[in-house]
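What follows is each chain in one-letter form.
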Amino acid sequence: MDVGGSGVDRDSSLGFTFDGTDYLGLAGDTLASALLANGVDVVGASPILGRPRGVVSAGVEEAGAMVEVGAPWLDPIVPATAVELVDGLVAMGRPGVGVLPADATGAQAADHRHLHVETLVVGGGIAGLRAAREATGRVLVVDERHHVGGISPWSTEIEDLTAELVTRDETALITRATALGVYDDGYVVIYERAQPVARVHHVRAARVVLATGAHERPIAFADNDRPGVMLASAARTYVEWFGVRPGNRAVVFSNGRSGLESAMALHEAGVEIAVVLDVGPASQPHRDRLREAGVEVREGWAVAGTEGESRLSAVHVAGPGGESETFDADLLLVAGGWNPAVQLWRGINGGLRYDDATACFVPDGAGPPWLEITGAAAGEGIDPVTPYWYAPAEDLSHHYVDLQRDSTVADVLAATDRRLRSTEHVKRETYIGTAIDQGRTSGVLTAAIVNGAQGAGPGAQGPTNARPPYTPVPFSVLAGLDRGPKLLDPIRTTPIHRWHQERDAPFENVGQWKRPWYFPLGNEDLPAAVHRECLAVRNEVGVMDASTLGKIEIVGPDAARFLDRVYTDRMSTLSVGSIRYGLMLGLDGMVFDDGVVMRLAENRFLATTTTGGAARVLDHMEEWLQTEWPDLRAHCTSVTEQWSTIAMNGPASRRVLEALGTSFPVDAPSFPFMTWREGEVAGIAARVARVSFSGELAYEINVPGWYGVSTWEALMDAGAAHGITPYGTESMHVLRAEKGFVIVGQDTDGTVTPHDLGMSWLVRKDDSDFIGKRSLRRSDTIRPDRKQLVGLLPVEPDQLLPEGAQLVERDTGVIPMAMVGHVTSSYASPILGRTIALAMVESGRARHGQMLHAPLLGATIAAEVTAPIFYDAEGARRDG
Amino acid sequence: MLLIPCPWCGPRDETEFRYGGQAHLAYPADPDALTDAEWADFLLMRDNPKGDWAERWMHTAGCRRWFNVVRSTVDHRISGSYPMGAQPPPEAGA
Amino acid sequence: MTEPPDRYWRAAEPKAAYEVVIVGAGGHGLATAYYLAKNHGITDVCVVEKGWLGGGNMARNTTVIRSNYLWDESAAIYEHSLKLWEGLEEALEFDMQFSQRGVLNLVHDLGDRRSSMRRVNANRLNGVDAEWLDAPDVKDFCPIVNVSSDVRYPVIGGTLQRRGGIARHDKVAWGFATAADRLGVDIVEHAEVTGFTREMADGPVNGVETSLGTIRAKKVALVAAGHSSVLASMVGLRLPIQSHPLQALVSALYQPVLNTVVMSNAVHVYVSQADKGELVMGAGIDAYNSYAQRGSFHVIEHQMAAAVELFPMFAHAQVLRTWGGIVDVCPDASPIIGLTPIPGLFINCGWGTGGFKATPASGWVFAETLAAGEASDLAKPYALDRFTTGALIDEHGAAAVAH
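Every chain's residues receive numbers from 1 upward, in the order its sequence appears when written. Think of it this way: whatever chain is written first is A, whatever ligand is written first is 1, and the rest follow in order. The predicted nature of this model means local features are confined to residues of pLDDT at least 70 and side-chain atom pairs, given and counted, to a pLDDT of 80 or more, with totals for whole chains, interfaces and linings taken over all residues. Side-chain descriptors were evaluated using all non-hydrogen atoms of the structure, hydrogens and water having been removed beforehand.

In this description, contact between two residues means that some pair of their heavy atoms is separated by no more than 4.5 Å. Counting from both sides, the interface comprises 28 residues of chain A and, opposite them, 26 residues of chain B. Accessible area, probed at 1.4 Å, shrinks when two parts are joined; the buried area is that loss added up over both. Across the chain A/chain B interface, buried area totals approximately 2,400 Å², and carbon plus sulfur atoms make up 43% of it. Among the residues chain A hides against chain B, the three largest losses belong to Asp184, Gln626 and Arg774 of chain A. Together they make up 24% of the total. By definition here, a salt bridge exists when the distance from a side-chain nitrogen of Lys or Arg to a carboxyl oxygen of Asp or Glu is within 4 Å. Seen at the junction of chain A and chain B, the total is nine salt bridges. A salt bridge links Asp32 of chain B to Lys773 of chain A, with the shortest nitrogen-to-oxygen separation between them at 3.5 Å. The definition of a polar contact used here is a pair of N or O atoms within 3.5 Å, where within protein one atom must be able to donate a hydrogen and the other to accept one, and adjacent residues in sequence count solely through side-chain atom pairs. The interface formed by chain A and chain B includes 22 residue pairs in polar contact (both at pLDDT 80 or more). Element by element, the count of residues in the side of chain A that touches chain B is highest for helix 15 (residues 614–627) of chain A, at seven residues. Here the side of chain A that touches chain B is built from residues that sort into eight nonpolar, six polar and 14 charged. The helix and strand labels rest on DSSP assignments: H or I over at least four residues marks a helix, E over at least two residues marks a strand, and numbering proceeds from the N terminus. Charged means Asp, Glu, Lys or Arg here, nonpolar means Ala, Val, Leu, Ile, Met, Phe, Trp, Tyr, Cys or Pro, and polar covers whatever is left, Gly included.

Structure representation (structure tokens):
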């Protein structure tokens, strides 16, 4: 059935398979045009009723021919009109509901790129090409089809414009590229279909011109969903562009001039026109032309219904005086008027108004200053029509409004009969406009029916809004390079990471960091490894990679004053060479982060933060410095990644350090607790701090990042005689819990004050202000019965309280049961030979010695409340 | 994706910035002198107008500086940006 | 399943005066009207709505229903809500497609597990059903979740509330509207409140000015979600609320693959599959204040990446439609329910991203509060003065994305 066609290459045939049968098409075809050329009229079925459905349009407004593409790419559900034919294409009809493959194999790959242009033109039809020619600077033109020219017949103007644009230096023309949405400040996201890798263009344009054209809309009548019923302009496109006659004998039903033009084009292409039914405004020249060509034109006649096994075989028509007649036909072309494609315009809150002459909604008012809309999308050149929404009939239950939802005029009227008045409500009752085409063909029709049912004018209410994306886009395409299998979130590792990997340490995700969790030997499981690691630290020596702790340098003449305001205790009295533990509160008075502060010089401090809190704390400090205290001469720099930090803990740690060789004395009197020294360790420049998160004698050795591994290995060698043991985060947690040291974010949850933690000694009492101070005086924060940090000793020393267990005074067995607290940390303590826990408990400090109970599935664990310290309460071990 | 005019770096994509909410909320000179209600007013109560308002942004992935922006909460249109401590320029209209 | 009613609500003409005027015909406002009439016999009620009924966040949310909140105050009101949901279709004689298909919260790291266990244990002792699932049990319950350890943030377990689920959001608003209408409540759409009338300049509020004229009321109830601050500012009331865009999306239709609601706070995804077949997904809020009902596209792109890691088959799914609502966010992610400093004016707002599930209980307790003129027991913790005392109900810790 080839009749020429300006958009296909007749010398280049492509093989494809549809529903298991092999066919041939041409380069330039869509799947829809190729199916029509091969006489495939029933493409799929309707989603709910299973009615046969065929091709009704030639574009993205398609509501009939839904297919799945199985090769050479995968697409579970797509209109056949939006699939460009390629050799080897495999597709099958679908009832509007796709089947997702079992995994991600074969998902569409896509790259993302960013473009900056002076002018972006969306739509490569004649209006878009004209706008592009007038534009200066960098110009980008995109069109969703695989060709420019839109739905206009090919013309020399299109040819000339295209030829001019493709030779311009700073103009790019991209086809197969859909503008998914127009966003703030000239930001437009464009999906360019390509195989094997598609592309998403993030365009920032100083000026955006929407030249998105218009979509023809149908008229509803009985059985208007039958294959063979097609939009008139689409049939014309198939004939003129693809060289395909979509049928042999056609009835044409039109309420405007363009339907008559389509009829003429079909006639000229050799399609027999049985009759043209014209309910439009008088267009005598067009009627005359048709009649001169021997085509019968009946004014005031309309389609009443259709007939056919599956495909259309006859059309019932009705005259203005109630006459009826039936025409044999395998094609029924419907021209019900045009809807400007205003989806992108609406997406950025552009206004609409109803235009009486063309019976459609056109852009109204100004959009953002950078946005223009032109051509048919702006309502320019749209055919005047006589509104004709649906053929009157007793039974409207086969007058389909939204083919993809099997929704009819009767369904709309049933909704309005039930007193639904808003088109939004009717959409939600009938699902009209919620399918892939988002109401391109059904929206205005539905609004007209709703308006009519209420006796309102056709423009009283407009259609419901389409939303971005303009046409559907695969998740994998939007994910881009981040389409899996692994989320592309940065993985942060310490300089010593490789050593941990070689030791086969399992890692724990802590924010973006990977931290070694424990270091198993042989077949050890977590408890066995942690038991060994903890005892090594308590009895000899262990080392932990603490490089992930946040480190911020605060420098400047006012650095000390600044830190006084940031921490609850005073940092300005710290002497150079010394270290102080500090708590940081949010403005709400709740503990925000903690760490130690070292005074490196008069005007230079180094503050450590929790691993997860580093970025937050830096942001917090910078915010206060810049927004509230710009007069303070201080600045903050993150130095987390500049240092490798190795925490060596245990009674033998001094001997290991001595064996390693340091350029400064490390005995307790010369190098006391909570001081730091700079010098050489094993010949490497280092800063060593006497801080301890285990309660044992400990040295925190900081070396420039790239010396991390060599220092670590030197420590392992020097400590071999003492059985030096690497340990991970789990043992670190056990060791600190034995000492009752809290972890912000584990033992606290954003509702905990320093007083709740029993750390009032860290909160200075003088008149000076610090962040969060005022909030500590609010009536709720001074309540005596707030939750407070306590220790718990399970009555059965081998029973482990689960972290997150809730605590009650008495397990009454009656639900709801009043809870008085919860377990925040819980471990088997190797050194104590029993289990321990930390908990936040109402009036906890007044409960020491009391029993609390944790009701769990199948068991209740009883535990005695204690002070939150279990080992070396007197602090005898920190100096070795 | 807003296009935010950093006063130091020029217009940049929203993803380079961190939002800071309402601008021109001055930390009280003497928080201790405030009643609980006055403190709550500073701490938690916020303007939330429909229309132009002054808000704070920080160019986290750029110069790391805080600044103010006058932006409409109705259509996201930005009418000006200016450094911390400055008042909105008259043309920003907030 | 019950058939749709013969008639939904009337288009009422407003009278000159009512006992109670409710500003906002969203789910919460309509539920308030219904329970005022049903539970308290107060039928001289008018609900005024500036747009179409149920057209704000009610029409835009992702319909997740659950009650597994951490704090006692939250568990109490959300569990009350879930119990109401369980009898709501019957009580209203209205099909809302309420489906208790379970809500599965995925857990990705040890800290997440600790806080999830804390929540599960608290839920059980509060009478809220809650289960902990290890990763293989997650896979059994929802086979399409990727529980491989070879991903960026592996799923190490999850918590499950089997009684959680979804409902058809529009129908919930319509059900309350229709039932309230039957009991005599007037519902007036397309009437925008432009101000409040007061007895004296600083006296009690005694009515609203609307685009259809003044309507007097003994009590005025603001239930305006994202627009609460704008309305409150008309009487000089400042709230601790910021209005943000919250975006959601649906995919094209697919054969059923997802039998439950899955949420992941770590990667900011929540998703269910509607009966028609579309995947319904939401993400975190956009950072900035906005009333535009749209957000920024990068939020959607990030969500896609996270969704594809959790559900590899979703790589093939297609985004059909994205949209935004305006959520009214409180500093502690909990609502404000109760009296205001201005006599005659009551408020119910600040539900943020989690309001849908609370619809019945929100209406129930607010009706109680309006009827009595003082906060009901369930509403008391949600008083406006908690921001002064500091007695916040901070659900951020329990669910960074609180839906």
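With 90 residues of chain A at the contact, the number on the chain C side is 79 residues. Scanning the region where chain A abuts chain C turns up seven salt bridges. Of the charged contacts in the structure, one is a salt bridge between Asp170 of chain C and Arg428 of chain A, with a shortest N-O distance of 2.9 Å. One can count 40 residue pairs in polar contact (both at pLDDT 80 or more) joining chain A with chain C. Only strand 6 (75–79), strand 13 (197–210), helix 9 (423–430), strand 29 (473–474), helix 11 (475–479), strand 30 (507–510), strand 45 (821–829) and strand 47 (851–856) of chain A provide two or more residues apiece to the side of chain A that touches chain C. Considering every element that reaches the side of chain A that touches chain C, the biggest residue donor is helix 9 of chain A, with five residues. Residue composition of the side of chain A that touches chain C, grouped by class: 40 nonpolar, 26 polar and 24 charged.

All right, on to the pattern of salt bridges then. Side-chain pairing between opposite charges can occur once the charged atoms of the two side chains come close. All names here are of chain A. Tallying each qualifying case throughout the model produces 81 salt bridges over all chains. Across the pair Asp225 and Arg51 runs a salt bridge, and its minimum N-O distance is 2.6 Å. One end of the pair, Asp225, is in the loop between strand 14 (214–216) and strand 15 (229–231); the other, Arg51, is in the loop between strand 3 (44–45) and strand 4 (52–53), with 174 residues separating them in the sequence. Across this residue pair, the class does not change: Asp225 and Arg51 are buried. For Asp766, the salt bridge goes to Arg570, with nearest N and O atoms at 2.8 Å. Of this pair, Asp766 sits in the loop between helix 18 (729–738) and strand 43 (787–794) while Arg570 sits in the loop between helix 14 (559–566) and strand 34 (579–585), and the two are 196 residues apart along the sequence. Burial status follows relative accessibility: with a 1.4 Å probe on protein chains alone, a residue under 20% of its type maximum counts as buried, one over 50% as exposed, and anything between as partly exposed. According to the relative accessible area criterion, Arg570 is partly exposed, its value standing at 26%. If you follow the salt bridges from partner to partner, you end up with Arg51, Arg53, Asp223, Asp225, Arg226 and Asp406 in one network.

This next bit is on the environment of Val142 of chain A. Residues and elements named next belong to chain A. Relative to the helices and strands, Val142 resides in strand 9 (residues 139–142). By relative accessible area, Val142 is classed as buried at 2%. Linking Val142 and Gly124, residues 18 residues apart in sequence, is a C-alpha distance of 6.2 Å. When residues no more than four places from it in sequence are discounted, the contact partners of Val142 are Leu120, Val121, Val122, Gly123, Gly124, Ile174, Ala177 and Ile190.

What follows deals with the sheet that holds strand 43 of chain A. Residue and element names in this part refer to chain A. Read from one edge of the open sheet, six strands run 44-45-46-43-48-47, paired in antiparallel fashion. At either margin of the open sheet sits one strand with a lone partner, and together these are strand 44 (806–807) and strand 47. Comment: axis = line fitted to C-alpha atoms, over the contacting stretch for helices; angle = value between 0 and 180 degrees taken between N-to-C directions. Packing of helix 18 onto the sheet brings it into contact with strand 45 and strand 46 (834–842), and relative to strand 45 it is tilted by some 110 degrees. At least two DSSP bridges between two strands are required for those strands to pair.

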